[in-house]
Amino acid sequence: MKNETQGVGESNAKIILLGEHSVVYNQPSIAIPFPAAKVSTVVKETSDQTVISCEFYQGLLEDMPELLESLKETIRVTLKQLNKENHPLDIRIESQIPAERGMGSSAAVSVATTRALFDFFNTVLTQENLLSIVDISEKIAHGNPSGLDALMTSSSSPYYYTKGQPFEALKLNLDAFLVVGDTGKTGQTKEAVTSISKKLTKTDSVNTKKRIDQLGELAKKGRYFLENNEATKLGLTMSNVHQLLSELGVSSPELNQLVETAEKNGAIGAKLTGGGRGGCMIALTHDRIGAEKIAQALTDNGAKTTWVYDMRRGI
Ligand code: MEV
């Protein structure tokens, strides 16, 4: 039973299988919720001013550093909607999602905190309203978010998502394992998204547009492979996507090294996932033994953390 004096909210990490970056330009994307890493926010009453506690800051809400501006905005917008702007609160956020690694940590923190605040004030939060609040803070974190991170960190189902269109839940039918490897280097989603938008308006616009369209086509094909148990073709698609994302300038030497390591150690395909320029990569393989071999090779070649995900059953 809910403790009446506190509000709680949860969210999870996400992994983009196909369509990062091109999703910003209305191409389709495919992502899965990643419950191995979660965010949990607890909100309680306090007597004086609103205080925040999270991995990067402990103190008054109003003194929060600029780095956490997107979280501050989530709280401000939510309390305004709830008409509780002057209600002193104690907001505690615990995140298992490594920050800035392409796993949706900023959106996940916003999702969990918005949910906890609505829960504390016993107010119903629709998914539509949640996504619109998180979108405001994601604009600060990412510049021009597609909405994919907000959707996936608040969902328990894989989705096929095209910006501005109704999202479609996917029924995965794939006998395969996904290995996730964290380079340990922070990614730079905002810079990566901005660099592609600059390319589109400047010198390389024709090739950039072509690559974005190709990424969209690969996501469409990937959907078929995911739903029809075609792991080998999906793996090949993932490697093609990595090549295109590298050409778009959003990979990094560390990501390329882990992708190559996975391919040399039996992966049927591998790619960066999320914003890139650091962060995580993913590799596909047919069975758990193969996945564990790849995970070990990634660790031996610099991955900070690895996870193995059964595409039929989850973690
Ligand atoms: C970041 O996780 C995914 C990007 O496609 C940006 C976005 O969709 O907003 C790079």
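Scroll up to find the structure.
Each value, and the rule that gives it
Residues numbered from 1 in each chain as written. Predicted model: local features only at pLDDT ≥ 70, side-chain atom pairs only at ≥ 80, totals over all residues. Heavy atoms only, no water. Salt bridge = Lys/Arg side-chain N within 4 Å of Asp/Glu carboxyl O. Helix = DSSP H or I, 4+ residues; strand = E, 2+ residues; numbered from the N terminus. Buried < 20%, exposed > 50% of the residue type's maximum accessible area, 1.4 Å probe, protein only. Near = heavy atom within 4 Å. Polar contact = N/O pair within 3.5 Å; in protein donor to acceptor, adjacent residues only side chain to side chain. Areas by Shrake-Rupley, 256 points an atom, 1.4 Å probe, with all protein chains shown as cover. Phe/Tyr/Trp six-rings, centres within 6.5 Å; stacked < 30°, edge-to-face > 60°. Lys NZ or Arg CZ within 6 Å of the ring centre and 35° of its normal. Contact = heavy atoms within 4.5 Å. Axes fitted to C-alpha atoms, helices over the stretch in contact; angles between N-to-C directions. Parallel < 35°, antiparallel > 145°, perpendicular 65-115°, else oblique. Nonpolar A, V, L, I, M, F, W, Y, C, P; charged D, E, K, R; others polar. Pairing = 2+ DSSP bridges.

Draft legend 1. Layout of the pattern of salt bridges. Under the defined criterion, the tally for this structure stands at 16 salt bridges. Ionic pairing is found between Glu 73 and Arg 76, a salt bridge with its closest N-O pair at 2.9 Å. One end of the pair is Glu 73 and the other is Arg 76, both in helix H1 (residues 69-81) and three residues apart, which spans about a single turn. Overall, the relative accessible area of 14% leaves Glu 73 in the buried class. The partner of Glu 168 in a salt bridge is Arg 223, and the shortest N-O contact between them spans 3.0 Å. Here Glu 168, found in strand S7 (residues 168-169), pairs with Arg 223, found in helix H6 (residues 205-227); they are 55 residues apart in sequence, far enough to count as distant. The class for Glu 168 is partly exposed, based on a relative accessible area of 35%.

Draft legend 2. Structural view of the site of the ligand. Taken together, Lys 14, Ile 16, Glu 20, His 21, Val 23, Val 24, Pro 145, Ser 146, Asp 149, Thr 189, Gly 274 and Gly 275 make up all the residues around the ligand. Lys 14 has a polar side-chain atom sitting 2.7 Å from an oxygen atom of the ligand. Interatomic distance of 2.5 Å between a side-chain N/O atom of Ser 146 and an oxygen atom of the ligand. Here the ligand, which alone exposes 290 Å², has 99% of that area covered by the protein.

Draft legend 3. Region of the structure containing unusual backbone geometry. Not every positive phi belongs to a glycine, and His 21 is a case in point at roughly 70°. Relative to the helices and strands, His 21 is located in the loop between strand S1 (6-18) and strand S2 (29-45). Residue His 21 is classed as buried on the basis of its relative accessible area, which comes to 7%. Within the chain, Glu 100 stands out as a residue other than glycine whose phi angle is a positive 55°. Tracing the backbone through its elements, the reader meets Glu 100 in the loop between strand S5 (89-95) and helix H2 (105-120). Note on Glu 100: relative accessible area 46%, which makes it partly exposed.

Draft legend 4. Here's a closer look at the packing of aromatic side chains. What the rule picks out here adds up to five aromatic pairs. Taking 5.8 Å as the distance between ring centres and 85° as the angle between the ring planes, the aromatic pair formed by Phe 34 and Trp 307 counts as edge-to-face. Of this pair, Phe 34 sits in strand S2 while Trp 307 is found in strand S11 (residues 305-310), placing the two residues 273 residues apart along the sequence. Given a relative accessible area of 0%, Phe 34 falls into the buried group. Its relative accessible area of 16% is what places Trp 307 among the buried residues. Three or more aromatic residues joined by ring pairs form one cluster here, namely Phe 34, Trp 307 and Tyr 309. Cation over ring: Arg 223 sits above Tyr 160, and NZ or CZ is 4.3 Å from the ring centre.

Draft legend 5. Expanded view of the environment of Thr 153. Take Thr 153: it is sitting in helix H4 (residues 148-153). Residues Thr 153 and Pro 166 lie 13 residues apart in sequence; the distance between their C-alpha atoms is 17 Å. Setting aside residues up to four positions removed in sequence, Thr 153 forms contacts with Ser 11, Asn 12, Lys 14, Gly 104, Ala 107, Ala 108 and Val 111. At 2.8 Å, the side chain of Thr 153 forms a polar contact with the backbone oxygen of Asp 149.

Draft legend 6. Structural view of the packing of helix H3 (residues 127-142) against helix H5 (residues 189-201). For the pair H3 and H5, interaxial distance at closest approach is 8 Å and the crossing angle is 80°. Here H3 lies roughly perpendicular to H5, going by the angle between them. Contact residues: Ile 140, Ala 141 and His 142 in H3; Thr 189, Lys 190 and Val 193 in H5. Taken together, the residues that form the contact of H3 with H5 break down as three nonpolar, two polar and one charged.

Draft legend 7. Inspection of the environment of Glu 45 at higher detail. Here Glu 45 is to be found in strand S2. For the pair Glu 45 and Thr 5, spaced 40 residues apart in the sequence, the C-alpha separation amounts to 6.9 Å. The contacts of Glu 45, once residues within four sequence positions are left out, are Thr 5, His 87, Pro 88, Asp 90 and Phe 120. Looking at Glu 45, its side chain comes within polar contact range of the side chain of His 87, at 2.6 Å.

Draft legend 8. The arrangement of the sheet that holds strand S10 (residues 280-285) in detail. Taken together, the four strands give an open sheet; going across it, the order is S9-S10-S8-S11, and neighbouring strands pair in antiparallel fashion. Two strands bound the open sheet, and with one partner strand each, they are strand S9 (269-273) and S11. Geometrically, the sheet is characterised by an average inter-axis angle of 20° between neighbouring strands, direction not taken into account. Relative to S11, strand S8 (residues 177-182) runs antiparallel, the two being bridged by six bridges.

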